[in-house]
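The primary structure of each chain is shown beneath.
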Amino acid sequence: MTDELTPETPESDEQPIKQRKNGLYPGVSDELAENMKSGWADTELRDLQPIEQAPQAARRRAALSARFPGERLVIPAGNLKTRSNDTEYSFRASTEYVYLTGDQTDDSVLVLEPAKDGAGAKDGAGEGHTATIYRLPRSNRENGEFWLNGMGELWVGRRHSLTESEALLGVPCKDVRELADALKEATGPVRVVRGHDAGIEAALTDKVTAERDEELRVYLSEARAVKDEFEIGELQKAVDSTVRGFEDVVKVLDKAEATSERYIEGTFFLRARVEGNDVGYGSICAAGPHATTLHWVRNDGQVRSGDLLLLDAGVETTTLYTADVTRTLPINGRYTDFQRKIYDAVYEAQEAGIAAVKPGAAFRDFHDASQRVLATKLVEWGLIEGPVERVLELGLQRRWTLHGTGHMLGLDVHDCAAARTEAYVNGTLEPGMVLTVEPGLYFQADDLTVPEEYRGIGVRIEDDILVTDDGNRNLSAALPRRADEVEAWMAGLLKK
Ligand code: GLY
Ligand code: MN
Ligand code: MN
(Lines give C-alpha, C1' and ligand atoms only; values in the text may rest on other atoms or scores of the structure.)
(Ligands and ions follow the chains in the order given, each with its own letter.)
Protein backbone atom coordinates (compact mmCIF):
# COMPACT_ATOMS: atom_id res chain seq x y z
CA MET A 1 0.00 0.00 0.00
CA THR A 2 1.32 3.41 -0.88
CA ASP A 3 -0.07 6.83 -0.38
CA GLU A 4 0.54 9.99 -2.29
CA LEU A 5 1.17 11.77 0.99
CA THR A 6 4.09 9.54 1.89
CA PRO A 7 7.35 11.46 1.44
CA GLU A 8 9.95 10.02 -0.87
CA THR A 9 12.82 11.62 1.00
CA PRO A 10 11.74 12.26 4.55
CA GLU A 11 13.83 14.61 6.58
CA SER A 12 14.49 14.28 10.29
CA ASP A 13 11.62 12.97 12.38
CA GLU A 14 11.99 15.98 14.58
CA GLN A 15 11.04 18.53 11.95
CA PRO A 16 7.66 20.16 12.27
CA ILE A 17 5.26 19.58 9.47
CA LYS A 18 5.41 23.11 8.07
CA GLN A 19 9.10 22.81 7.32
CA ARG A 20 8.65 19.44 5.75
CA LYS A 21 5.93 20.22 3.40
CA ASN A 22 7.73 22.36 0.81
CA GLY A 23 7.77 20.00 -2.09
CA LEU A 24 8.02 16.95 0.11
CA TYR A 25 4.39 16.48 0.93
CA PRO A 26 2.47 17.68 -2.06
CA GLY A 27 -1.14 17.83 -1.24
CA VAL A 28 -0.77 18.64 2.45
CA SER A 29 -2.28 22.03 2.96
CA ASP A 30 -1.60 24.08 6.05
CA GLU A 31 -5.24 23.59 6.92
CA LEU A 32 -5.01 19.79 6.69
CA ALA A 33 -1.77 19.75 8.67
CA GLU A 34 -3.38 21.82 11.38
CA ASN A 35 -6.50 19.71 11.30
CA MET A 36 -4.55 16.46 11.82
CA LYS A 37 -2.93 17.75 14.99
CA SER A 38 -6.01 17.61 17.15
CA GLY A 39 -9.29 15.92 17.75
CA TRP A 40 -7.77 12.69 19.02
CA ALA A 41 -8.95 10.97 22.18
CA ASP A 42 -6.67 10.19 25.12
CA THR A 43 -6.18 6.41 24.79
CA GLU A 44 -3.55 5.97 27.50
CA LEU A 45 -4.02 2.56 29.12
CA ARG A 46 -4.03 2.71 32.89
CA ASP A 47 -3.85 -0.05 35.52
CA LEU A 48 -1.87 -2.37 33.27
CA GLN A 49 -0.56 -5.51 34.94
CA PRO A 50 2.99 -6.79 34.34
CA ILE A 51 3.41 -9.49 31.72
CA GLU A 52 3.50 -13.04 33.09
CA GLN A 53 7.23 -13.51 32.60
CA ALA A 54 8.25 -10.18 34.14
CA PRO A 55 9.60 -11.78 37.36
CA GLN A 56 11.66 -14.33 35.42
CA ALA A 57 13.06 -11.63 33.16
CA ALA A 58 14.04 -9.61 36.24
CA ARG A 59 15.89 -12.60 37.71
CA ARG A 60 17.74 -13.09 34.43
CA ARG A 61 18.80 -9.43 34.37
CA ALA A 62 20.01 -9.73 37.95
CA ALA A 63 22.13 -12.76 37.06
CA LEU A 64 23.53 -10.91 34.04
CA SER A 65 24.35 -7.92 36.22
CA ALA A 66 26.26 -10.13 38.66
CA ARG A 67 28.29 -11.65 35.82
CA PHE A 68 29.45 -8.29 34.39
CA PRO A 69 29.82 -5.88 37.34
CA GLY A 70 30.66 -2.28 36.53
CA GLU A 71 30.06 -2.62 32.79
CA ARG A 72 27.39 -1.09 30.58
CA LEU A 73 25.52 -3.86 28.74
CA VAL A 74 23.54 -3.17 25.57
CA ILE A 75 21.06 -5.74 24.27
CA PRO A 76 19.14 -4.66 21.15
CA ALA A 77 15.88 -6.22 19.97
CA GLY A 78 16.82 -5.53 16.34
CA ASN A 79 15.24 -3.61 13.50
CA LEU A 80 12.94 -4.33 10.60
CA LYS A 81 14.73 -5.73 7.57
CA THR A 82 13.86 -4.77 4.04
CA ARG A 83 12.38 -7.54 1.94
CA SER A 84 12.05 -5.49 -1.21
CA ASN A 85 11.74 -1.77 -1.85
CA ASP A 86 9.48 -0.52 0.93
CA THR A 87 8.24 -3.85 2.30
CA GLU A 88 9.81 -5.60 5.26
CA TYR A 89 10.16 -9.13 6.55
CA SER A 90 7.96 -9.81 9.52
CA PHE A 91 9.88 -8.83 12.61
CA ARG A 92 11.21 -11.31 15.16
CA ALA A 93 12.96 -9.76 18.14
CA SER A 94 16.39 -11.02 19.11
CA THR A 95 16.39 -13.98 21.44
CA GLU A 96 18.70 -12.22 23.91
CA TYR A 97 16.39 -9.22 24.21
CA VAL A 98 13.27 -11.36 24.57
CA TYR A 99 14.96 -13.52 27.20
CA LEU A 100 15.88 -10.48 29.31
CA THR A 101 12.67 -8.46 28.93
CA GLY A 102 9.79 -10.63 27.71
CA ASP A 103 9.23 -7.84 25.16
CA GLN A 104 9.33 -8.20 21.36
CA THR A 105 9.18 -4.63 20.05
CA ASP A 106 11.35 -3.69 17.07
CA ASP A 107 13.98 -0.98 17.56
CA SER A 108 13.97 -1.45 21.33
CA VAL A 109 17.19 -1.76 23.28
CA LEU A 110 17.77 -2.95 26.83
CA VAL A 111 20.64 -1.17 28.57
CA LEU A 112 22.05 -2.21 31.93
CA GLU A 113 24.02 0.66 33.31
CA PRO A 114 26.35 0.32 36.30
CA ALA A 115 24.50 1.77 39.31
CA LYS A 116 26.11 5.12 40.11
CA ASP A 117 25.55 5.16 43.84
CA GLY A 118 26.31 1.49 44.31
CA ALA A 119 23.05 1.22 46.18
CA GLY A 120 21.60 -1.19 43.69
CA ALA A 121 18.57 -1.10 41.51
CA LYS A 122 14.94 -1.75 42.21
CA ASP A 123 14.10 -2.64 38.62
CA GLY A 124 15.27 -6.20 38.46
CA ALA A 125 18.72 -5.40 37.18
CA GLY A 126 20.43 -6.71 40.28
CA GLU A 127 22.41 -4.77 42.83
CA GLY A 128 25.00 -3.42 40.48
CA HIS A 129 23.03 -2.07 37.54
CA THR A 130 20.00 -0.02 36.63
CA ALA A 131 18.01 -1.30 33.66
CA THR A 132 16.37 0.89 31.03
CA ILE A 133 14.47 -0.13 27.94
CA TYR A 134 14.85 2.36 25.11
CA ARG A 135 12.00 2.20 22.63
CA LEU A 136 9.90 4.27 20.30
CA PRO A 137 7.23 6.21 22.19
CA ARG A 138 3.75 7.04 20.94
CA SER A 139 3.83 9.08 17.73
CA ASN A 140 3.81 12.83 18.07
CA ARG A 141 0.68 14.31 16.55
CA GLU A 142 1.81 17.92 16.79
CA ASN A 143 4.68 17.57 14.33
CA GLY A 144 2.91 15.18 12.00
CA GLU A 145 5.07 12.10 12.54
CA PHE A 146 1.90 10.24 13.53
CA TRP A 147 0.66 10.20 9.94
CA LEU A 148 3.46 11.52 7.71
CA ASN A 149 6.25 9.21 8.79
CA GLY A 150 6.30 5.56 7.73
CA MET A 151 6.96 4.57 11.35
CA GLY A 152 4.02 6.69 12.48
CA GLU A 153 1.29 4.91 14.38
CA LEU A 154 -1.25 5.65 11.68
CA TRP A 155 0.74 3.33 9.41
CA VAL A 156 2.11 0.67 11.75
CA GLY A 157 -0.45 0.64 14.55
CA ARG A 158 -0.61 1.96 18.06
CA ARG A 159 2.45 1.50 20.21
CA HIS A 160 2.52 1.34 23.98
CA SER A 161 3.46 4.62 25.56
CA LEU A 162 6.64 4.64 27.62
CA THR A 163 4.51 4.70 30.78
CA GLU A 164 2.45 1.73 29.60
CA SER A 165 5.61 -0.15 28.68
CA GLU A 166 7.07 0.46 32.12
CA ALA A 167 3.96 -1.00 33.72
CA LEU A 168 4.00 -4.06 31.46
CA LEU A 169 7.70 -4.82 31.59
CA GLY A 170 8.62 -3.58 35.06
CA VAL A 171 11.55 -1.60 33.64
CA PRO A 172 11.91 2.20 33.21
CA CYS A 173 11.54 3.15 29.54
CA LYS A 174 12.98 6.05 27.53
CA ASP A 175 12.85 7.26 23.94
CA VAL A 176 15.22 5.15 21.85
CA ARG A 177 16.01 8.12 19.63
CA GLU A 178 18.13 9.49 22.47
CA LEU A 179 20.16 6.34 22.84
CA ALA A 180 22.79 6.48 20.09
CA ASP A 181 24.00 9.93 21.16
CA ALA A 182 23.99 8.90 24.82
CA LEU A 183 26.08 5.83 24.02
CA LYS A 184 28.54 7.87 21.97
CA GLU A 185 29.10 10.19 24.92
CA ALA A 186 29.17 7.50 27.60
CA THR A 187 32.43 6.50 29.25
CA GLY A 188 33.44 3.25 30.92
CA PRO A 189 33.46 -0.37 29.77
CA VAL A 190 30.62 -1.45 27.54
CA ARG A 191 29.52 -4.59 25.72
CA VAL A 192 26.85 -5.06 23.09
CA VAL A 193 25.11 -8.12 21.68
CA ARG A 194 26.07 -7.88 18.02
CA GLY A 195 24.16 -8.69 14.90
CA HIS A 196 20.81 -7.11 15.67
CA ASP A 197 21.06 -3.33 15.42
CA ALA A 198 23.67 -1.76 13.15
CA GLY A 199 22.85 1.78 14.34
CA ILE A 200 23.53 0.95 17.97
CA GLU A 201 26.70 -0.92 17.05
CA ALA A 202 27.89 2.07 15.02
CA ALA A 203 27.42 4.30 18.06
CA LEU A 204 29.66 1.97 20.06
CA THR A 205 32.20 1.16 17.41
CA ASP A 206 35.25 2.65 19.14
CA LYS A 207 34.25 1.44 22.59
CA VAL A 208 33.74 -2.32 22.16
CA THR A 209 35.77 -5.31 21.01
CA ALA A 210 34.54 -8.44 19.30
CA GLU A 211 36.04 -10.67 21.99
CA ARG A 212 34.36 -8.91 24.88
CA ASP A 213 31.04 -8.73 23.05
CA GLU A 214 31.26 -12.42 22.33
CA GLU A 215 31.65 -13.13 26.06
CA LEU A 216 28.29 -11.42 26.61
CA ARG A 217 26.65 -13.48 23.87
CA VAL A 218 28.18 -16.68 25.23
CA TYR A 219 26.95 -15.92 28.75
CA LEU A 220 23.40 -15.29 27.51
CA SER A 221 23.50 -18.50 25.49
CA GLU A 222 24.63 -20.62 28.41
CA ALA A 223 22.21 -18.92 30.82
CA ARG A 224 19.32 -20.23 28.70
CA ALA A 225 20.30 -23.89 28.98
CA VAL A 226 18.16 -24.65 32.03
CA LYS A 227 14.56 -23.61 31.52
CA ASP A 228 12.32 -22.26 34.29
CA GLU A 229 8.71 -23.32 34.85
CA PHE A 230 7.35 -20.56 32.62
CA GLU A 231 9.60 -21.60 29.76
CA ILE A 232 8.73 -25.27 30.12
CA GLY A 233 5.05 -24.34 30.02
CA GLU A 234 5.60 -22.33 26.86
CA LEU A 235 7.56 -25.13 25.21
CA GLN A 236 4.73 -27.53 26.04
CA LYS A 237 2.27 -25.10 24.44
CA ALA A 238 4.48 -24.92 21.36
CA VAL A 239 4.58 -28.70 21.14
CA ASP A 240 0.83 -29.05 21.69
CA SER A 241 0.12 -26.63 18.84
CA THR A 242 2.63 -28.50 16.72
CA VAL A 243 0.83 -31.77 17.36
CA ARG A 244 -2.38 -30.15 16.11
CA GLY A 245 -0.48 -28.85 13.09
CA PHE A 246 0.67 -32.38 12.23
CA GLU A 247 -2.92 -33.58 12.50
CA ASP A 248 -3.99 -30.78 10.17
CA VAL A 249 -1.41 -31.93 7.63
CA VAL A 250 -2.52 -35.56 7.68
CA LYS A 251 -6.09 -34.45 7.02
CA VAL A 252 -5.11 -32.63 3.83
CA LEU A 253 -2.65 -35.12 2.32
CA ASP A 254 -5.04 -35.69 -0.59
CA LYS A 255 -4.92 -31.96 -1.37
CA ALA A 256 -1.14 -32.01 -1.12
CA GLU A 257 -1.07 -34.90 -3.61
CA ALA A 258 -3.16 -32.80 -5.96
CA THR A 259 -0.85 -29.80 -5.60
CA SER A 260 2.59 -29.99 -3.96
CA GLU A 261 4.53 -29.98 -0.71
CA ARG A 262 3.53 -26.31 -0.44
CA TYR A 263 0.05 -27.40 0.64
CA ILE A 264 1.64 -29.06 3.66
CA GLU A 265 3.75 -26.02 4.43
CA GLY A 266 0.75 -23.72 4.18
CA THR A 267 -1.44 -25.97 6.30
CA PHE A 268 1.08 -26.15 9.11
CA PHE A 269 1.73 -22.42 8.87
CA LEU A 270 -1.97 -21.70 9.33
CA ARG A 271 -1.89 -23.51 12.67
CA ALA A 272 1.29 -21.70 13.68
CA ARG A 273 -0.10 -18.26 12.89
CA VAL A 274 -3.47 -18.87 14.48
CA GLU A 275 -2.19 -20.40 17.72
CA GLY A 276 1.28 -18.90 17.95
CA ASN A 277 3.53 -16.24 16.51
CA ASP A 278 4.91 -18.11 13.53
CA VAL A 279 6.78 -21.28 12.69
CA GLY A 280 10.00 -21.45 14.69
CA TYR A 281 12.00 -22.28 11.55
CA GLY A 282 11.23 -22.96 7.92
CA SER A 283 9.06 -26.07 7.79
CA ILE A 284 10.70 -29.04 6.10
CA CYS A 285 7.94 -30.69 4.06
CA ALA A 286 9.94 -33.32 2.25
CA ALA A 287 8.11 -35.94 0.22
CA GLY A 288 9.81 -38.90 -1.43
CA PRO A 289 13.53 -38.39 -2.10
CA HIS A 290 13.43 -34.83 -0.78
CA ALA A 291 13.49 -36.42 2.69
CA THR A 292 17.18 -37.09 2.17
CA THR A 293 17.91 -33.35 1.94
CA LEU A 294 18.32 -32.30 5.55
CA HIS A 295 17.00 -28.76 5.22
CA TRP A 296 14.53 -29.17 2.39
CA VAL A 297 12.52 -25.94 2.66
CA ARG A 298 11.81 -25.26 -0.99
CA ASN A 299 8.79 -27.50 -0.54
CA ASP A 300 7.85 -27.37 -4.18
CA GLY A 301 7.89 -31.08 -4.91
CA GLN A 302 5.30 -33.68 -5.72
CA VAL A 303 3.53 -35.60 -2.96
CA ARG A 304 2.94 -39.16 -4.12
CA SER A 305 0.99 -42.04 -2.64
CA GLY A 306 3.41 -44.82 -1.72
CA ASP A 307 6.21 -42.41 -0.78
CA LEU A 308 7.15 -41.17 2.65
CA LEU A 309 6.66 -37.62 3.87
CA LEU A 310 9.28 -36.30 6.27
CA LEU A 311 7.66 -33.38 8.06
CA ASP A 312 9.94 -31.40 10.38
CA ALA A 313 8.04 -28.42 11.75
CA GLY A 314 7.47 -26.46 14.93
CA VAL A 315 5.05 -23.83 16.11
CA GLU A 316 6.60 -20.81 17.85
CA THR A 317 4.40 -19.49 20.65
CA THR A 318 3.42 -15.86 20.99
CA THR A 319 6.22 -15.65 23.58
CA LEU A 320 8.64 -17.04 20.93
CA TYR A 321 9.38 -20.50 22.33
CA THR A 322 9.46 -23.09 19.58
CA ALA A 323 8.83 -26.78 19.18
CA ASP A 324 10.94 -28.88 16.79
CA VAL A 325 9.24 -32.12 15.84
CA THR A 326 9.67 -34.57 12.98
CA ARG A 327 7.56 -37.46 11.84
CA THR A 328 8.12 -39.54 8.74
CA LEU A 329 4.71 -40.59 7.51
CA PRO A 330 3.51 -42.94 4.78
CA ILE A 331 1.57 -40.64 2.46
CA ASN A 332 -1.11 -43.27 1.83
CA GLY A 333 -1.30 -44.23 5.50
CA ARG A 334 0.61 -47.56 5.35
CA TYR A 335 4.36 -48.14 5.40
CA THR A 336 5.65 -50.68 2.92
CA ASP A 337 7.63 -53.51 4.50
CA PHE A 338 10.86 -51.96 3.29
CA GLN A 339 9.99 -48.46 4.51
CA ARG A 340 9.03 -49.96 7.84
CA LYS A 341 12.35 -51.76 8.14
CA ILE A 342 14.18 -48.45 7.93
CA TYR A 343 11.61 -46.63 10.05
CA ASP A 344 11.83 -49.23 12.81
CA ALA A 345 15.62 -48.92 12.89
CA VAL A 346 15.36 -45.16 13.38
CA TYR A 347 12.64 -45.68 15.99
CA GLU A 348 14.88 -48.08 17.88
CA ALA A 349 17.73 -45.58 17.69
CA GLN A 350 15.48 -42.86 19.01
CA GLU A 351 14.28 -45.06 21.87
CA ALA A 352 17.90 -45.70 22.84
CA GLY A 353 18.65 -41.98 22.59
CA ILE A 354 15.70 -40.93 24.71
CA ALA A 355 16.59 -43.51 27.35
CA ALA A 356 20.02 -41.89 27.65
CA VAL A 357 18.57 -38.48 28.50
CA LYS A 358 18.76 -38.06 32.27
CA PRO A 359 20.40 -35.74 34.78
CA GLY A 360 24.10 -36.37 35.17
CA ALA A 361 24.45 -38.00 31.76
CA ALA A 362 26.91 -36.51 29.33
CA PHE A 363 25.24 -34.46 26.59
CA ARG A 364 26.91 -36.75 24.07
CA ASP A 365 25.43 -39.93 25.54
CA PHE A 366 22.12 -39.85 23.68
CA HIS A 367 23.89 -39.24 20.40
CA ASP A 368 26.25 -42.14 21.02
CA ALA A 369 23.36 -44.43 21.99
CA SER A 370 21.43 -43.64 18.83
CA GLN A 371 24.44 -43.92 16.58
CA ARG A 372 25.27 -47.34 17.99
CA VAL A 373 21.83 -48.66 17.09
CA LEU A 374 22.01 -47.22 13.58
CA ALA A 375 25.52 -48.53 12.97
CA THR A 376 24.42 -51.97 14.12
CA LYS A 377 21.51 -51.94 11.67
CA LEU A 378 23.68 -50.79 8.79
CA VAL A 379 26.09 -53.64 9.49
CA GLU A 380 23.21 -56.14 9.81
CA TRP A 381 21.82 -55.01 6.46
CA GLY A 382 25.21 -55.53 4.86
CA LEU A 383 25.68 -51.88 3.92
CA ILE A 384 28.91 -51.51 5.88
CA GLU A 385 31.40 -54.09 6.94
CA GLY A 386 31.55 -54.66 10.72
CA PRO A 387 32.38 -54.98 13.43
CA VAL A 388 30.19 -52.22 14.81
CA GLU A 389 32.99 -50.93 17.06
CA ARG A 390 35.16 -50.29 14.02
CA VAL A 391 32.29 -48.56 12.21
CA LEU A 392 31.66 -46.28 15.20
CA GLU A 393 35.34 -45.58 15.71
CA LEU A 394 35.73 -44.49 12.09
CA GLY A 395 32.30 -42.85 11.95
CA LEU A 396 31.44 -44.81 8.80
CA GLN A 397 27.73 -44.86 9.60
CA ARG A 398 27.68 -41.10 9.13
CA ARG A 399 27.37 -41.45 5.35
CA TRP A 400 23.73 -42.23 6.14
CA THR A 401 23.12 -40.71 9.60
CA LEU A 402 24.51 -37.33 8.54
CA HIS A 403 23.79 -35.08 11.53
CA GLY A 404 24.06 -34.83 15.28
CA THR A 405 21.24 -36.55 17.16
CA GLY A 406 19.89 -33.46 18.89
CA HIS A 407 20.29 -29.99 20.29
CA MET A 408 19.01 -27.65 22.95
CA LEU A 409 15.57 -26.16 22.31
CA GLY A 410 14.00 -22.97 23.58
CA LEU A 411 13.60 -19.47 22.20
CA ASP A 412 15.82 -20.59 19.34
CA VAL A 413 15.27 -23.88 17.63
CA HIS A 414 19.00 -24.48 17.95
CA ASP A 415 19.07 -22.87 21.35
CA CYS A 416 22.20 -21.97 23.31
CA ALA A 417 24.20 -22.14 20.08
CA ALA A 418 26.89 -19.74 21.31
CA ALA A 419 27.61 -21.79 24.44
CA ARG A 420 31.16 -22.99 24.96
CA THR A 421 31.88 -26.57 24.00
CA GLU A 422 32.61 -27.49 27.61
CA ALA A 423 29.24 -26.09 28.71
CA TYR A 424 27.19 -27.74 25.97
CA VAL A 425 28.52 -30.48 23.68
CA ASN A 426 30.99 -31.70 26.31
CA GLY A 427 28.67 -30.77 29.15
CA THR A 428 26.32 -32.66 31.45
CA LEU A 429 22.54 -32.81 31.35
CA GLU A 430 20.66 -31.08 34.15
CA PRO A 431 16.98 -31.01 35.12
CA GLY A 432 15.20 -28.25 33.21
CA MET A 433 17.17 -28.65 30.01
CA VAL A 434 15.04 -29.32 26.92
CA LEU A 435 16.59 -30.98 23.92
CA THR A 436 15.60 -32.76 20.77
CA VAL A 437 16.37 -36.41 20.10
CA GLU A 438 16.24 -36.85 16.35
CA PRO A 439 18.15 -39.70 14.75
CA GLY A 440 17.74 -40.33 11.06
CA LEU A 441 18.80 -42.48 8.15
CA TYR A 442 19.13 -40.97 4.71
CA PHE A 443 19.89 -42.82 1.51
CA GLN A 444 20.50 -40.33 -1.26
CA ALA A 445 18.82 -41.05 -4.60
CA ASP A 446 22.23 -41.17 -6.28
CA ASP A 447 24.03 -43.27 -3.68
CA LEU A 448 25.52 -46.15 -5.65
CA THR A 449 26.91 -47.82 -2.52
CA VAL A 450 23.50 -49.10 -1.43
CA PRO A 451 21.05 -51.39 -3.25
CA GLU A 452 18.53 -49.55 -5.37
CA GLU A 453 15.61 -50.18 -3.04
CA TYR A 454 17.23 -47.95 -0.37
CA ARG A 455 17.81 -45.01 -2.66
CA GLY A 456 15.66 -41.95 -2.12
CA ILE A 457 14.44 -42.97 1.33
CA GLY A 458 14.94 -40.63 4.26
CA VAL A 459 13.57 -41.17 7.76
CA ARG A 460 13.90 -38.94 10.80
CA ILE A 461 11.94 -39.06 14.05
CA GLU A 462 12.32 -36.07 16.35
CA ASP A 463 10.88 -35.40 19.78
CA ASP A 464 11.33 -32.66 22.36
CA ILE A 465 12.60 -34.04 25.65
CA LEU A 466 12.68 -32.33 29.05
CA VAL A 467 15.35 -33.51 31.50
CA THR A 468 13.59 -34.13 34.83
CA ASP A 469 14.95 -34.87 38.30
CA ASP A 470 14.77 -38.59 37.73
CA GLY A 471 15.00 -39.01 33.96
CA ASN A 472 13.08 -37.27 31.23
CA ARG A 473 9.66 -36.37 29.92
CA ASN A 474 8.79 -36.44 26.25
CA LEU A 475 6.92 -33.18 25.64
CA SER A 476 5.82 -34.43 22.21
CA ALA A 477 4.60 -37.85 23.38
CA ALA A 478 1.09 -37.01 22.18
CA LEU A 479 2.24 -37.48 18.61
CA PRO A 480 2.52 -41.22 17.82
CA ARG A 481 5.98 -42.50 16.95
CA ARG A 482 5.91 -46.29 16.63
CA ALA A 483 5.07 -47.39 13.09
CA ASP A 484 1.82 -49.17 13.95
CA GLU A 485 0.71 -46.28 16.16
CA VAL A 486 1.45 -43.80 13.38
CA GLU A 487 -0.65 -45.86 10.98
CA ALA A 488 -3.56 -46.10 13.42
CA TRP A 489 -3.38 -42.36 14.13
CA MET A 490 -3.34 -41.56 10.41
CA ALA A 491 -6.22 -43.95 9.74
CA GLY A 492 -8.30 -42.10 12.31
CA LEU A 493 -7.56 -38.74 10.72
CA LEU A 494 -7.81 -39.78 7.08
CA LYS A 495 -11.29 -41.25 7.40
CA LYS A 496 -12.75 -38.08 8.94
N1 GLY B 1 14.43 -28.51 12.28
C2 GLY B 1 15.84 -28.41 12.39
C3 GLY B 1 16.35 -29.42 13.29
O4 GLY B 1 15.70 -30.42 13.50
O5 GLY B 1 17.35 -29.26 13.89
MN1 MN C 1 13.62 -30.54 13.35
MN1 MN D 1 16.01 -30.43 15.65
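Residues numbered from 1 in each chain as written. Chains lettered and ligands numbered in written order. Predicted model: local features only at pLDDT ≥ 70, side-chain atom pairs only at ≥ 80, totals over all residues. Heavy atoms only, no water.

What about the sheet that holds strand β9 (residues 284-287)?
Then, number 1: The antiparallel open sheet is built from three strands, whose spatial order is β9-β10-β12. With one partner strand each, in any of the chains shown, β9 and β12 (325-330) form the two edges of the open sheet. Neighbouring strand axes in the sheet, compared pairwise and without regard to direction, differ in orientation by 10° on average.
Then, number 2: As paired elements, β9 and strand β10 (residues 308-313) share four bridges and run antiparallel to each other. (Pairing = 2+ DSSP bridges. Helix = DSSP H or I, 4+ residues; strand = E, 2+ residues; numbered from the N terminus. Axes fitted to C-alpha atoms, helices over the stretch in contact; angles between N-to-C directions.)

Some remarks on the pattern of salt bridges
Then, number 1: Counted according to the given criterion, the structure contains 38 salt bridges.
Then, number 2: Salt-bridge contacts for R191 lead to E215; the nearest nitrogen and oxygen are separated by 2.7 Å. One end of the pair, R191, is in strand β7 (residues 190-192); the other, E215, is in helix α10 (residues 210-223), and 24 residues separate them in sequence.
Then, number 3: By relative accessible area, which is 5% here, R191 ends up buried.
Then, number 4: A relative accessible area of 38% places E215 in the partly exposed class.
Then, number 5: Between K227 and D415 there is a salt bridge, with its nearest N and O atoms 2.9 Å apart. Of this pair, K227 sits in the loop between α10 and α11 (229-251) while D415 sits in the loop between α17 (398-401) and β13 (434-437), and the two are 188 residues apart along the sequence.
Then, number 6: Overall, the relative accessible area of 5% leaves K227 in the buried class. (Salt bridge = Lys/Arg side-chain N within 4 Å of Asp/Glu carboxyl O. Buried < 20%, exposed > 50% of the residue type's maximum accessible area, 1.4 Å probe, protein only.)

With respect to the site of ligand 1
Then, number 1: The local shell around ligand 1 consists of Y281, D312, D324, H407, H414, E438 and E462.
Then, number 2: For ligand 1, an oxygen atom lies 3.1 Å from a polar atom in the side chain of D324.
Then, number 3: A distance of 3.0 Å separates an oxygen atom of ligand 1 from a polar atom in the side chain of E438.
Then, number 4: Surface burial for ligand 1 is 91%, taken as the share of its 190 Å² of free accessible area covered by protein chains.
Then, number 5: When the residues that make up the shell around ligand 1 are grouped by side-chain class, the tally is one nonpolar, two polar and four charged. (Near = heavy atom within 4 Å. Polar contact = N/O pair within 3.5 Å; in protein donor to acceptor, adjacent residues only side chain to side chain. Areas by Shrake-Rupley, 256 points an atom, 1.4 Å probe, with all protein chains shown as cover. Nonpolar A, V, L, I, M, F, W, Y, C, P; charged D, E, K, R; others polar.)

Comments concerning the packing of aromatic side chains
Then, number 1: Tallied over the full model, the rule gives 10 aromatic pairs.
Then, number 2: Taken together, a centroid distance of 5.9 Å and an interplanar angle of 85° make the contact between F246 and F268 edge-to-face. Note that F246 is positioned in helix α11 and F268 in helix α13 (residues 261-275), a separation of 22 residues in sequence.
Then, number 3: Taking the centre distance of 4.8 Å and the plane angle of 40° together, the rings of Y335 and Y343 count as tilted. Each member of the pair, Y335 as well as Y343, is classed as buried.
Then, number 4: An aromatic cluster is present here, built from F338, W381, W400, F443 and Y454 joined pairwise through their rings.
Then, number 5: The lysine or arginine in question, R141, covers the ring of F146, its NZ or CZ lying 4.0 Å from the ring centre. (Phe/Tyr/Trp six-rings, centres within 6.5 Å; stacked < 30°, edge-to-face > 60°. Lys NZ or Arg CZ within 6 Å of the ring centre and 35° of its normal.)

So far we have only geometry, and geometry alone does not tell us how the molecule works.
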